Amino acid sequence: MDEIRENLSKVHQEIISSCNKYGRSENDVSLLCVSKTKPEEKIIAAYNCGERHFGESYAVEASEKITHLKELGYRDIIWHFIGPIQKNKTRLIAEHFDMVESLDRAIVATRLNDQRPEGLPPLEVLIQVNISAEDQKSGCDISEIDSLIDTIQKCPKLKLRGFMGVGMDTPDFEIIDKEFSKLKSLFDEYSKKLEDFNILSIGMTHDLDIAVKNQTTEVRIGTAIFGAREYKTMTTDNQNIAFIGGGNMSTCIYESIIASGFNPQNITVSGPHLEKLEKFKTKGSVITTDNIDALKNADIVFLGVKPQILTSVLDEIAASGVALNHKLFVSMAAGYKLSSIEEKLNTKKIIRIMPNTPAKLGLGVIAVVYDTEVSENEKQLSEKMLAKMGTCIVGDEDNLNVIGAVAGCGPAFVYRFMEALIAEAVAHGLSADNARKIVEQTVLGSANMSIKNQDCTLASLREAVTSKGGTTYAGLCKMTEGNFEQVMKNTVQASLDRTYEFEKMF
Ligand SMILES: *Cc1c(COP(=O)(O)O)cnc(C)c1O
């Protein structure tokens with residue numbers, strides 16, 4: 001932990017030298033140590049160097065750390081929440097934090113106010129202002145600041161202290177300089193009108209100097225103190241999950257995920273029609289019409305839209321400015337290649353999956369293809385998420401197409417076979433009800449005979465019901481005459497050909 005001491009001393013030195021450079025006093029710039037994803041020992045190490053202000057971005061993870069550190073006696077830490085805020089996390093934030101820097105909309109203000117426990121001092125808040133030159137989704141638009149301030153002023157348990165801004169993630173310091181100076185002018189304008197409005201929080205590890213130049217009063221530094229972020233081992237209760245699209249397949253996967261032990265409260269589902277998403281809300285999940293809102297705080301993003309729509313959804317995600325490199329994307333779009341998604345999102349942390357319809361009953365086949373940057377931990381967790389839908393078959397993209405033709409289209413082929421068998425049973429006098437029951441049970445029983453007798457070939461199972469010159473034999477001869485194998489060969493080939501045509505479209 002000597003390393004943290006050294007790092008802190010370098011960061012303070014940097015602040016001092018920037019202050020000197022721009023004629024400011026180092027006492028006017030405070031340091032917020034951003035400890036998100038970092039273990040408690042590292043926070044304690046920084047605490048022992050005299051730091052008292054710590055910033056966290058993930059409500060659940062942070063609340064656990066805060067509670068535990070308080071139990072250990074670290075009671076004088078000032079905790080700042082700096083991450084995107086999901087509506088269903090406001091209670092945790094209101095209960096555990098001293099300041100919220102990322103307040104960006106009225107509904108969150110109202111909820112934080114309502115949920116701030118009696119007996120605690122008012123929650124200090126900064127409005128996170130969207131200063132990005134890009135069309136970035138986090139932060140309050142400048143045009144909406146006034147109305148957000150109105151709301152905050154009606155909240156007795158909130159106290160507005162200033163603005164926070166995140167500069168664009170770019171090596172081009174001129175762009176960041178423009179963004180920061182824009183926020184600084186706004187800050188000056190409002191600090192004339194508002195009481196105790198005196199905190200300007202801009203500047204992170206890479207743009208600290210430009211922030212000091214633009215009169216920041218607080219820099220939020222993570223990497224330079226604690227090193228690169230350590231993303232947690234994924235478990236069923238620390239992952240935020242987003243579904244883009246709430247249709248049939250999303251519903252099926254959603255149910256499997258919950259059945260595998262994931263917390264519905266950590267899931268957000270987006271879709272164009274809120275009323276169609278009510279069923280997710282009933283289970284405790286967040287619903288929204290805003291895809292980016294759903295995805296911005298997610299660790300795992302299920303792309304549950306049709307292939308025809310996926311291109312525009314990927315464009316929307318890429319243009320949102322949300323950092324994507326730590327997110328795991330799971331696509332269910334048939335025919336949409338990994339390479340096409342990689343190109344749009346500039347990441348290789350992607351999984352393609354293809355469940356067939358019996359997955360709804362837990363009896364599905366789920367074809368799974370991993371891209372190169374999916375970690376072992378992510379693979380294990382994904383298979384756990386999908387396990388309640390049936391059997392996962394991991395392969396490459398070529399396999400995926402074949403599995404698609406056999407397992408994806410397969411149920412329709414099997415229904416067709418069942419329909420034909422039922423029709424003949426009825427033609428020979430059975431009632432439709434009985435015929436259906438008989439055929440269902442025959443298919444189910446045969447599948448189970450196959451499953452339970454892995455040491456026998458299917459041919460030997462077939463031979464066991466076929467005595468030479470007998471009734472089954474006579475029937476099978478007609479299948480041979482009708483060129484059954486050739487029909488199946490053509491059937492699968494036609495489905496595959498169509499898959500390749502689809503692939504060319506995306
Ligand atoms: C993570 C984070 C930081 C710290 O970033 P570093 O580049 O690690 O210094 C600062 N502000 C916000 C809002 C963050 O999410």
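Residues numbered from 1 in each chain as written. Predicted model: local features only at pLDDT ≥ 70, side-chain atom pairs only at ≥ 80, totals over all residues. Heavy atoms only, no water.

Enquirer: So what's going on with the domain arrangement of the chain? Which residues, and what values?
Expert: Split into domains, the chain comes out as domain 1 (2-226), domain 2 (241-408) and domain 3 (411-495). Computed over C-alpha atoms, the centres of domain 1 and domain 3 are 67 Å apart. (Domains from an automatic or database assignment.)

Enquirer: Describe the site of the ligand, and please don't skip the residues or the numbers.
Expert: Taken together, Val34, Lys36, Ser57, Ile82, Val166, Met204, Thr205, Arg220, Ile221, Gly222, Thr223 and Arg229 make up all the residues around the ligand. Contact with the protein chains covers 90% of the free accessible surface of the ligand, which is 390 Å². Here the residues of the shell around the ligand sort into 5 nonpolar, 4 polar and 3 charged. (Near = heavy atom within 4 Å. Areas by Shrake-Rupley, 256 points an atom, 1.4 Å probe, with all protein chains shown as cover. Nonpolar A, V, L, I, M, F, W, Y, C, P; charged D, E, K, R; others polar.)

Enquirer: Describe the packing of aromatic side chains, and please don't skip the residues or the numbers.
Expert: Across all of its chains, the model carries 10 aromatic pairs by this definition. A ring pair is formed by tyrosine 190 and phenylalanine 197, whose centres lie 6.5 Å apart and whose planes are at 40°; its orientation type is tilted. In this structure, tyrosine 190 and phenylalanine 197 share a single accessibility class: buried. Among the aromatic residues, those joined into a ring-pair cluster are Phe163, Phe187, Tyr190 and Phe197. Sitting above the plane of the tyrosine 47 ring, arginine 52 keeps its charged end 3.6 Å from the centroid. Its end group placed over the ring of tyrosine 190, lysine 193 keeps NZ or CZ at 4.4 Å from the ring centre. (Phe/Tyr/Trp six-rings, centres within 6.5 Å; stacked < 30°, edge-to-face > 60°. Buried < 20%, exposed > 50% of the residue type's maximum accessible area, 1.4 Å probe, protein only. Lys NZ or Arg CZ within 6 Å of the ring centre and 35° of its normal.)

Enquirer: Residue-level account of the sheet that holds strand β10 (residues 267-270), with values.
Expert: With mixed pairing, 8 strands are arranged side by side in an open sheet as β11-β10-β9-β12-β13-β14-β15-β16. A strand with exactly one partner marks an edge of an open sheet, and here the two such strands are β11 (286-288) and β16 (390-394). On average, each strand axis in the sheet is tilted by 20° relative to the strand beside it, whichever way the strands run. Pairing analysis gives 5 bridges linking strand β14 (residues 350-355) to strand β15 (residues 364-370), with the strands arranged antiparallel. (Pairing = 2+ DSSP bridges. Helix = DSSP H or I, 4+ residues; strand = E, 2+ residues; numbered from the N terminus. Axes fitted to C-alpha atoms, helices over the stretch in contact; angles between N-to-C directions.)

Enquirer: Residue-level account of the side chain of serine 250, with values.
Expert: Within the fold, serine 250 resides in helix α10 (residues 248-259). For serine 250, the side chain forms a polar contact with the main-chain oxygen of glycine 245, separated by 2.7 Å. Those residues in contact with serine 250, other than ones at most four positions away along the chain, are Phe243, Gly245, Gly304 and Met332. (Polar contact = N/O pair within 3.5 Å; in protein donor to acceptor, adjacent residues only side chain to side chain. Contact = heavy atoms within 4.5 Å.)

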